[in-house]
Amino acid sequence: MSSLSKDLSFLILQFLDEGKLKETVHQLEQESGLFFNVKYVEDLVLSGQWDIVEKYLSGFTKVDDNEYSMKIYFEIRKQKYLEALDKHDRAKAVDILVNDLKVFSSFDEDLFNDLTCLLPLDSFREKEMLACYRDAKSARTIMMVELKKLIEANPIFCEKLQFPEITRSRLRTLINQSLNFQHSLCSNPKQNPDVTLFVDHTCRQSDESYPQLNFSDPLMVSPERTEGFLPRATYGVRPFYNPSQPTPVPVQMPFPASIVNPSNVTHPIPLGGSVSLLSTTNPAPLLNCPGGSEDVLRTRPIGISDRITLPVNTGQSQSHVPTFKISDGLPKTVGRTLNQGSSVMSMDFHPVLQILLLVGTSVGDIVLWDVVSQEKLVSRNFKVWDIGTCSMTLEAALIKDPCVSVNRILWSPNGALFGVAYSKHIVQLYFYYGGNDFQQNLELDAHAGSVNDIAFANPKKQLCVITCGDDKIIKVWDVVTGAKKYNFEGHEAPVYSVCPHNLENVHFILSTSVDGKIKRWFYDILGPMVDCEAPGRCCTKMAYSTDGKRLFSCGTSKYGESFVVEWSEDGVVERVYQGLGKYSSDVIQFDTSKNRFLVVGADFSIKCWDMDNVNLLTSIDADGDLTASPRIRFSKDGMLLAVSANENRIKILGNAYGLWLLRSYESNVGLRTLPKTGTTKLKTRNDETEEVRVTEISGPSQLRSLKLPVQEKADKILRLTYTNSGTAVLALASNAIHLLWKWKQNNDNSSGKATTKVSPQLWQPPSGIMTNDVTDAKPEEAVPCFALSKNDYYVVSASGGKISLFNMQTFKTMTTFMSPPPAATYLIFCPQDNNIIAVGMDDSTIHIYKARVDEVIIKLKGHCKRITGLVFSHALNLLVSSGADTQIITWNCRKWERQCSRFIQIPAGMTTSAVLDTQVHLHQDQMHFLSVHATQLAIYKVKRLQSLKQWTIGESSAPITHATFSCDSNLVYASFQDGSVCIFSASILQLRYRIKPTSYLPPDASPNTYPLVIAAHPQEPNQFTLGLTDGGVHLIEPLKSEAKWHYYPTRWK
């Protein structure tokens, strides 16, 4: 359906709705498939009108379209089945089972058998999983909540859940405008004319009949052939005056609308321009150009929206050109120059260590630069790692022409990996361990011919690399195993670029080909869902703004015309940025920064735009000597910009902060030179004593805090975590009782996530609270521990006795296992398999327990005292353990063998009491971990247990009680026995903030009240929660005006 047909359908839906024709409205919604009315479906579900629900759904999706659709139909039919059983209508239940639910047996036969087993029961509530079922009304309400989530996640409903914003009675307004226009053309207009919509209006004599439509008239066009609104070649009518055009030329006409003189307009609008019937603004004028339609098409490509404001010639002097003030945030000063040695093809700054720059060259070299010292940390020439595994086609291509170029080089989102796409078949992936240490990971014979682009994505919470090439195919690969997970075919020309994105948890890929085609692919749907053309049918790349809300593209056609544009969500060009040169011999490159700037390398300079303004903001020559179409790349924070120059050089440009960053490293003074109000000086031990600036927070007005409600005073909190969804906090107290706080989704908290803005509810279902088994426990020796499953459905927990498995929805104990002795002291689920649990014991062993068969498959021995910490690095397939013996050990998860070990070094004179045994917390990159001890924090490499950075408390400082990474691993939150909380920049363990207890505790708090445990929010990196000795739990966030805790990204040495 064309864009205008969709607009017209929406207008008809609005017209019918205003006319109270509700059934007709919903029938048109279903038949057109344009708008899915969730409220209507909710009303049907709550009233139990199941057949109508399914009929309405069938207009949009079928059972087997994808897993979301299947789940939607299953939930509806299961509820219908349960209601029939609840009414003891077994005949109807059998009918539903056979005719409606049988279709799902081919996908999950066990589930179908479970449903069948409910038939002979007097009450299906005898089944434990259905014990909470109350009645049909409450069950429908709960089910509708799940249905909404499934509908929103289903890509089939993408862009169909929001009705366009349309002014009231828009269709009537358009009809009135048309009639007024027709009446204005009448030679003898009457004051009160007769009006009909069946034929074109004309004022007639009293004895005349209405004229009949004649489709043979050359001025008329059949609706079936109309491609756009008022196509120019078919109407011999001059256009309306557009109020946005200044100084109209008056024309003598018998109606009040003025006409624009075509000769006064310098930029015509294209024939195929996107004109919206839903817009209330007048469409831009359509003009008769001397050169005809070909000239118009060449001036502006098809698909550009009429919402673009184009300059016009008003007859006034154009000599005054407005000047623009360059923002201080735009890098424009050359800070460093790197001599690469060969032509630069691709560059990328490390996402965390932003002074590291990866470069790929035209001769296949890859180089890692330290831009501060201008030193090459690593340089590798192209080499096939294992020629024996390569295809015959690749071998033949290398023999014929051994020259290979890098087409794209790219860091993974956390900087633990990087990928290189070459001009012949190959993609190589490397692990990066910091400094000059990177190692081979995977080599993929990915495509026949050139690999033109790569990108990283997490479509199902599993990191993948996406590749595209000359073979017209897009492929998705697992970065750990190298297995191909998806294969997308549909382009008719070589695929030039890929751009993965995630919109409201719907993952998709945008791809472009050299013939200018743009397609959108969903992982669970075969074939592209969107197919459109880039402006000028140019070879183009696409990129989202930093916040992922705005989409841009930049490219060059085979005729040398270049375009930089912004796209709307529905695939229409919203803005065309002005200021590019008329011809480019190479495809120009672009990048975005800070949700504000667009930069393009063109015409021997860097051209810059404000995203909200189509006019050129400024051009930067970087002291001259740039290539004709320079390669460009921003650092993640936008403070540095790399640009290629002549003689195989790279210039590093910086804004004020970026230049300060370069100078501060060069002089080795770090943050001490960065001015910041409200800071004080503090002595710390960080390999050596040095002065650093630390922001002191001492009052409640300097942060946001919330004490979570409790019904009665709890014992001290010993374990604390957020649920993986970020909507709840779970605590384990010293009396073996669990406390769960949940945040509701409402107007004050639209996300439903944990926040200080809204107080949560202490969750206590009718089945009672979760309490650990302490029958065989020794309270004085017990070490409480728990772990959550990835889906938040289950928690395993122990407090010195048996390990209990709880259902998080009902709080019921599912089972208990592993009676002491020995007693569990630490628990963790295996990230690849929730049925495998690693259990640290107080006898120093680690038990690998398989829950499905209730069996310990192996016991790991190596520690001398009880186990105090466990983490899995699934990227390296290693388990890291820590013990009360201050020893850290890594274990190979394939063979469960000890790999390496080391003891942490307690500084001389540090004889603190054992407030905290050694614990370990994994970095987001899976390659590093944080070691926490009462005396110190330290960063280690997982693979070699090499210490990279250490922070040690002062001799008079209070011991550390707990610490953890923020969810993005840019910060470390640490609590102390004096009640204070410190926030560090994680990569260098640089102390940034010190939060005193007076800022979050009440004035009458006991001096013995302090945090024992600290937990970081799983999605919000600036939020953490404290569990206190008095049983209180406090949630902490920075002030709204500050928005975040400021950290200092740098390198590990």
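Residues numbered from 1 in each chain as written. Predicted model: local features only at pLDDT ≥ 70, side-chain atom pairs only at ≥ 80, totals over all residues. Heavy atoms only, no water.

S.K.: Where do I start with the overall build of the protein chain in this structure?
M.R.: When helices and strands are tallied, the protein chain shows 12 helices and 58 strands. Across the 1053 residues in the protein chain, those meeting the buried criterion constitute 52%. Once local pairs closer than 6 in sequence are excluded, the contacts in the protein chain between residues at least 24 apart make up 52%. About 49100 Å² of surface is accessible on the protein chain, with carbon and sulfur atoms providing 49% of the total. (Helix = DSSP H or I, 4+ residues; strand = E, 2+ residues; numbered from the N terminus. Buried < 20%, exposed > 50% of the residue type's maximum accessible area, 1.4 Å probe, protein only. Contact = heavy atoms within 4.5 Å. Areas by Shrake-Rupley, 256 points an atom, 1.4 Å probe, with all protein chains shown as cover.)

S.K.: Any chance you could explain the packing of helix α5 (residues 67-86) against helix α8 (residues 136-153) here in plain terms?
M.R.: Helices that pack against each other are described as a pair by the angle of their axes relative to one another and the distance between those axes. Viewed as axis vectors pointing N to C, α5 and α8 meet at an angle of 170°, and their least axial separation amounts to 9 Å. One element, α5, and the other, α8, form an angle in the roughly antiparallel class. For the pair formed by α5 and α8, the contact residues are Tyr68, Lys71, Ile72, Glu75, Ile76, Gln79 and Glu83 on the first element and Ala136, Ala139, Arg140, Met143, Leu147, Leu150, Ile151 and Ala153 on the second. (Axes fitted to C-alpha atoms, helices over the stretch in contact; angles between N-to-C directions. Parallel < 35°, antiparallel > 145°, perpendicular 65-115°, else oblique.)

S.K.: How do you make sense of unusual backbone geometry when you look at a structure like this?
M.R.: Of all residues except glycine, most have a negative phi; of all peptide bonds, most are trans. Geometrically, the link from Pro820 to Pro821 is a cis peptide bond, its omega value of -10° lying close to zero. Its location among the elements puts Pro821 in the loop between β39 (813-817) and β40 (824-830). In this structure, the amide linkage connecting Pro821 to the following residue, Pro822, adopts the cis form with an omega of -10°. Looking at where Pro822 falls in the secondary structure, it is placed in the loop between β39 and β40. Positive phi is not limited to glycine here, since Arg537 has a value of about 50°. One can find Arg537 in the loop between β17 (530-533) and β18 (539-544).

S.K.: Can you walk me through the packing of helix α2 (residues 22-32) against helix α4 (residues 50-58) in this structure?
M.R.: Packing of α2 against α4 brings their axes to within 7 Å, and their N-to-C directions diverge by 45°. In terms of orientation, α2 lies oblique with respect to α4. In this structure, α2 contributes His26, Glu29 and Gln30 to the contact, and α4 contributes Lys55, Tyr56 and Ser58. Of the residues that constitute the contact of α2 with α4, the class distribution is one nonpolar, three polar and two charged. (Nonpolar A, V, L, I, M, F, W, Y, C, P; charged D, E, K, R; others polar.)

S.K.: Would you mind going over the confidence of the model for the protein chain with me for this structure?
M.R.: A low pLDDT means the predicted coordinates there should not be read in detail. Mean pLDDT over the protein chain works out to 80, with 83% of the residues at or above the 70 mark. Per-residue pLDDT stays below 50 along residues 206-275; that stretch engages in 108 contacts with residues further than four places along the chain or on separate chains. Considering only residues more than four positions removed or in separate chains, one finds that residues 668-691, a stretch of pLDDT under 50, has 59 contacts. (pLDDT = per-residue confidence, 0-100.)

S.K.: Is there a simple way to explain helix α9 (residues 170-184) in this structure?
M.R.: The end-to-end C-alpha separation of α9 is 21 Å, in line with the 21 Å expected for 15 residues at 1.5 Å each. Every buried residue belonging to α9 is among Arg170, Leu171, Leu174, Leu179, Phe181, Gln182 and Ser184, and all of these are buried. (Expected span 1.5 Å × (residues − 1).)

S.K.: Help me understand the side chain of Asn452, please; the structure alone is not making it clear to me.
M.R.: Structurally, Asn452 is set in strand β10 (residues 451-457). Within the local environment of Asn452, its side chain forms a polar contact with the side chain of Ser450, the two groups lying 2.9 Å apart. Separated by 2.9 Å, the side chain of Asn452 and the backbone oxygen of Val495 make a polar contact. Apart from residues no more than four positions distant in its own chain, Asn452 is found in contact with Asn407, Arg408, Cys468, Gly469, Asp470, Pro494, Val495 and Tyr496. (Polar contact = N/O pair within 3.5 Å; in protein donor to acceptor, adjacent residues only side chain to side chain.)

S.K.: Hey, could you run me through the pattern of salt bridges in this one?
M.R.: The final tally for this structure, using the stated rule, is 25 salt bridges. Put simply, Arg77 and Glu54 hold a salt bridge, and the shortest N to O gap is 2.8 Å. Residue Arg77 is located in helix α5, and its partner Glu54 is located in helix α4; the two are separated by 23 residues in the primary sequence. Of the two residues examined, Arg77 and Glu54, each falls in the buried class. For Arg125, the salt bridge is made with Asp86, and the minimal N-O distance between the two is 2.9 Å. Taken together, the residues Arg125 in the loop between α7 (109-116) and α8 and Asp86 in helix α5 connect sequence positions 39 residues apart. (Salt bridge = Lys/Arg side-chain N within 4 Å of Asp/Glu carboxyl O.)

S.K.: Sorry, what's going on with the sheet that holds strand β33 (residues 728-733) here?
M.R.: As a general point, the strands of a sheet are linked pairwise by backbone hydrogen bonds and lie either parallel or antiparallel. Pairing within the open sheet is antiparallel, and its four strands lie in the order β32-β33-β34-β35. Of all the strands in the sheet, just β32 (717-722) and β35 (761-762) have a single pairing partner and so form its edges. Relative to β35, strand β34 (residues 738-742) runs antiparallel, the two being bridged by two bridges. Looking across to β35, one finds that Lys742 is bridged to Gln761. (Pairing = 2+ DSSP bridges.)

S.K.: Even after reading the chapter, I still don't get the nonpolar core, so can you show me in this structure?
M.R.: For soluble globular proteins, nonpolar side chains are generally found buried alongside one another. Grouped together as the largest cluster of nonpolar side chains are 42 residues, with contacts concentrated most on Leu357, Val371, Phe418, Ile650 and Ile652. Other than its neighbours up to four places away in sequence, Val371 contacts Arg336, Leu338, Phe349, Ile355, Leu357, Leu640, Ile652 and Leu662. Judged by nonpolar contacts, the second largest core, of 38 residues, contains Trp50, Val53, Ala93 and Leu119. (Core = buried A, V, L, I, M, F, W, Y, C linked by side-chain atoms within 4.5 Å.)

S.K.: I'm lost on a negative patch on the surface in this one. Help?
M.R.: Where like charges cluster on the molecular surface, the negative patch consists of Asp108, Glu109, Asp110 and Asp114. Examined against the element boundaries, Glu109 turns out to sit in helix α7. (Patch = residues over 30% accessible without salt bridge, like charges linked within 9 Å, V, L, I, M, F, W, Y side chains within 5 Å. Lys, Arg positive; Asp, Glu negative; His and termini not counted. Charge placed at Lys NZ, Arg CZ, Asp CG, Glu CD.)

S.K.: Teacher, can you tell me more about the pairing of strand β37 (residues 794-798) here?
M.R.: Taken residue by residue, a regular strand's side chains alternate between the two faces of the sheet. Within β37, four of the five residues are buried, which leaves the element mostly enclosed by the surrounding structure. Taken together, the four bridges between strand β36 (residues 785-788) and β37 define a ladder with antiparallel strand orientation. Bridge assignment links Cys785 to a residue of β37, and that residue is Ala798. Hairpin connection of β36 to β37: five residues between the antiparallel strands, including Asp792 at a positive phi of 65°.

S.K.: I tried to follow the environment of Asp51 on my own but got confused; where do I start?
M.R.: Checked against the element boundaries, Asp51 lands in helix α4. Considering only alpha carbons, one finds Asp51 and Arg77, 26 residues apart in sequence, at a separation of 9.8 Å.

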